[in-house]
Amino acid sequence: MKKLTVVFAFAILVFCIVTGCKKAETKDAGKEVVPDSKYHIGIVTGTLFQLEDDLRGAEELIRRYGSVDDGGIIKHIMYPDDFISQQDITVERILSLAEDPLMKAVIVNQGVPGTAEAFMQIKKIRPDILCFVAEAHEDPLIIESAADMVVNADFISRGYTIVWAAKEMGAKNFIHISFPRHMEYATLGLRRQIMEEACNDLGLRFIYKTAPDPTGETGIAGAQEFILKNVPVWIQEYGADTAFFCTNDAHTEPLLKQLAEYGGIFVEADLPSPLMGYPGAFNIDVSETTDDFGIVLQKVEQAVTAKGGAGRFGTWAYSYGFTVSAGLGEYAKRILDGTAVAGSISDLCAALNEFTPGAQWNGSNYIDAETGIRAKNHALIYMDTYILGEGFLHTTDLKIPEKYYNMRFVR
């Protein structure tokens, strides 16, 4: 598979990640005066408690383009924290956006179970509404049949790049933490298989650990307590030259907290961000800077380095969840304004870059390993890995062996 490397350079002034230079005046420059709207854009995210970055991206859209309630174009709603047992509520909430006669686009980030069903019902009654989804929890072929555009952090390429990065950071072991529900997802399950294969090829020992599902009986608190209790035990058993990766956001903060205390390596989160787990784990106050990732990254880097974590912890320079929420909203707006084309990855990337000046990405269309069909409405994207205290690893420049793109998901 040939991959298109997209180097974004919208900012006239260089965005200086290493020194934490502040972004060019995007906060005010992005502000628009919204006239009487001819259309509305709906965005559905998780709650502040579950998926803060996704929600903050929706808030950025409201800041730029105004809330429907105040005469603007953005309508933001949330699905329940326990979206597994309340799937009907999720479907109803997404579908409710189609009741607005001015609604012309619906975005869901993350696409929890029920999203495909909601999109299919929307299309039956309102085929004029664009349906976009990021990080769908449902099988690619299912969500692709219901959505106009699907966006994923590249679960294929990153299955290799994260293991490669772990080795570059000195890891000899690689622990993958997840639970059965996530491993049933084709995206996450296939990435786990690729990670294991990459470990075999690159000389790392692969270890799988099962943790409680945060949507299960013990809830988020129980799942986090499990991580707090077990990570020190695992480090003692496997050693500090062990890299850890978890598939759930709720597990990330306690994992980082224990790695900072007991040793170990962390390349990047499932959906990377300087805000993902780091502020809580390292006691960093970012309350007034969560929309300026240059400052956030600087604060995180200083805190991690101060605790001796330089070279042992990584992230993306910008939040993936924030960028995709805001970027898909921007993409939808540009399509509705006639300045972008639905299904165009280059136009999608241009919209994402509105929120990530200076960042380097790699992106391509998803190809189903079973059928060999390239999905024109499914984009896989990933950003370069930034190692705190050291700088970029340039993972987006890696030539990934073709065999990983041909691997099939085996349940």
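How each quantity is defined
- Residues numbered from 1 in each chain as written.
- Predicted model: local features only at pLDDT ≥ 70, side-chain atom pairs only at ≥ 80, totals over all residues.
- Heavy atoms only, no water.
- Helix = DSSP H or I, 4+ residues; strand = E, 2+ residues; numbered from the N terminus.
- Rg over C-alpha atoms; globule rule 2.2 N^0.38 Å.
- Buried < 20%, exposed > 50% of the residue type's maximum accessible area, 1.4 Å probe, protein only.
- Pairing = 2+ DSSP bridges.
- Contact = heavy atoms within 4.5 Å.
- Axes fitted to C-alpha atoms, helices over the stretch in contact; angles between N-to-C directions.
- Core = buried A, V, L, I, M, F, W, Y, C linked by side-chain atoms within 4.5 Å.
- Expected span 1.5 Å × (residues − 1).
- Polar contact = N/O pair within 3.5 Å; in protein donor to acceptor, adjacent residues only side chain to side chain.
- Phe/Tyr/Trp six-rings, centres within 6.5 Å; stacked < 30°, edge-to-face > 60°.
- Salt bridge = Lys/Arg side-chain N within 4 Å of Asp/Glu carboxyl O.

S.K.: Give me the lowdown on the overall build of the chain, citing residues and values where you can.
M.R.: Of regular secondary structure, the chain possesses 14 helices and 15 strands. By the compact-globule yardstick of 22 Å for 411 residues, the chain fits well, its C-alpha radius of gyration being 20 Å. Expressed as lengths along the three principal axes of its C-alpha atoms, the size of the chain is roughly 60 × 45 × 45 Å. Sorting the 411 residues of the chain into buried and exposed places 61% on the buried side.

S.K.: Can you break down the sheet that holds strand β9 (residues 242-246) residue by residue, with the values?
M.R.: With respect to topology, four strands assemble into an open sheet ordered β8-β7-β9-β10, the strand pairing being parallel. Sheet topology places β8 (205-210) and β10 (265-266) at the edges, where each strand pairs with a single neighbour. Across the sheet, helix α9 (residues 219-238) touches β7 (173-178), β8 and β9, and the angle it forms with β8 is around 155°.

S.K.: Got a sec to walk through the nonpolar core? Specific residues and values, please.
M.R.: In this structure, Phe 174 and Phe 313 are the most contacted members of the largest nonpolar core, which totals 106 residues. Broken down by element, this core gets its largest block of residues, eight residues, from helix α13 (residues 320-337). Phe 174 has contacts with Ile 162, Val 163, Ala 166, Met 195, Cys 199, Leu 204, Arg 205, Phe 206, Ile 207, Ala 243 and Phe 245, leaving out every residue within four places of it along the chain. In terms of nonpolar packing, the next biggest core, distinct from the first, is built from 25 residues, Leu 51, Ala 98, Val 106 and Phe 119 among them.

S.K.: Can you tell me about α13, naming the residues and giving the values?
M.R.: The end-to-end C-alpha distance of α13, which contains 18 residues, comes to 25 Å, matching closely the 26 Å that a straight helix rising 1.5 Å per residue would cover. Along α13, 16 of the 18 residues are buried, which leaves the element largely enclosed by surrounding structure. Where α13 begins, one side-chain oxygen reaches toward the backbone nitrogen of Gly 321, 3.4 Å away; that side chain belongs to Ser 319. Backbone geometry just after α13 places Gly 338 at a positive phi near 85°.

S.K.: Explain the packing of aromatic side chains to me, using residue names and the numbers behind them.
M.R.: For the coordinates displayed, the defined rule picks out 15 aromatic pairs. Between the aromatic rings of Phe 155 and Tyr 366, the centroid separation amounts to 5.7 Å while the plane-to-plane angle is 50°, which identifies the pairing as tilted. Note that Phe 155 is positioned in the loop between β6 (149-153) and α6 (157-168) and Tyr 366 in strand β12 (residues 360-367), a separation of 211 residues in sequence. By the burial criterion, Phe 155 is buried, and Tyr 366 matches it. On the basis of an interplanar angle of 70° and a centroid distance of 5.3 Å, the ring pair of Phe 293 and Phe 322 is categorised as edge-to-face. A residue pair is termed long-range when its members are at least 10 positions apart, and Phe 293 in helix α12 (residues 293-306) and Phe 322 in helix α13 qualify at 29 residues.

S.K.: With reference to specific residues and values, describe the environment of Ile 387.
M.R.: Mapping Ile 387 onto the fold places it in strand β14 (residues 386-387). Not counting the four nearest positions on each side in its chain, Ile 387 is found in contact with Met 169, Glu 301, Gly 311, Phe 313, Gly 314 and Leu 393.

S.K.: If you had to explain the environment of Phe 322 to someone new, which residues and values would you point to?
M.R.: Among the residues examined, Phe 322 registers a relative accessible area of 5% and is labelled buried. Setting aside residues up to four positions removed in sequence, Phe 322 forms contacts with Asp 53, Asp 54, Arg 56, Gly 57, Glu 60, Phe 293 and Phe 355.

S.K.: Outline the pattern of salt bridges, supporting the account with residue identities and numerical values.
M.R.: If the charged atoms of two oppositely charged side chains come close together, the side chains can form a pair. Within this structure, the stated rule accounts for 19 salt bridges. Residues Lys 104 and Asp 128 are paired through a salt bridge, measuring 2.8 Å at the closest nitrogen-oxygen approach. Taken as a pair, Lys 104 in strand β4 (residues 103-109) and Asp 128 in the loop between α4 (115-125) and β5 (130-134) lie far apart in primary sequence, 24 residues in all. On the basis of relative accessibility, which here comes to 34%, the residue Asp 128 falls in the partly exposed class. Notably, a salt bridge pairs Glu 197 with Lys 403, separated by 3.0 Å at the nearest N-O pair.

S.K.: Got a sec to walk through unusual backbone geometry? Specific residues and values, please.
M.R.: Cis geometry is found at the peptide bond from Asn 109 to Gln 110, where omega equals 0°. Along the chain, the position of Gln 110 falls in the loop between β4 and α4. In this model, Glu 135 sits at a positive phi of 50°, which is unusual for a non-glycine residue. Note that Glu 135 resides in the loop between β5 and α5 (140-146). Of note, Asn 283 is a non-glycine position whose phi angle comes to about 55°, a positive value. Mapped onto the elements of the fold, Asn 283 is located in the loop between α11 (278-281) and α12.

S.K.: How would you sum up the pairing of strand β3 (residues 74-78)? Please name residues and give values.
M.R.: When strand β2 (residues 40-45) meets β3, the two strands line up parallel, connected through five bridges. Among the inter-strand pairings, Val 44 is bridged to a residue of β3, identified as Ile 77.

S.K.: Any details on the side chain of Asn 152? Residues and values, ideally.
M.R.: Structurally, Asn 152 is set in strand β6. Judged by its relative accessible area of 2%, Asn 152 falls in the buried class. When near neighbours in sequence (up to four residues on either side) are disregarded, Asn 152 contacts Glu 135, Ala 136, Thr 187, Tyr 320, His 378, Ala 379, Leu 380 and Ile 381.

S.K.: For the sheet that holds β14, give the residues involved together with the corresponding values.
M.R.: With antiparallel pairing, three strands are arranged side by side in an open sheet as β11-β14-β15. Single-partner strands in this sheet number two, and they are β11 (314-315) and β15 (391-392). Relative to β14, β11 is paired through two bridges, and the arrangement is antiparallel. Paired with Thr 315 across the bridge in β14 is Tyr 386.

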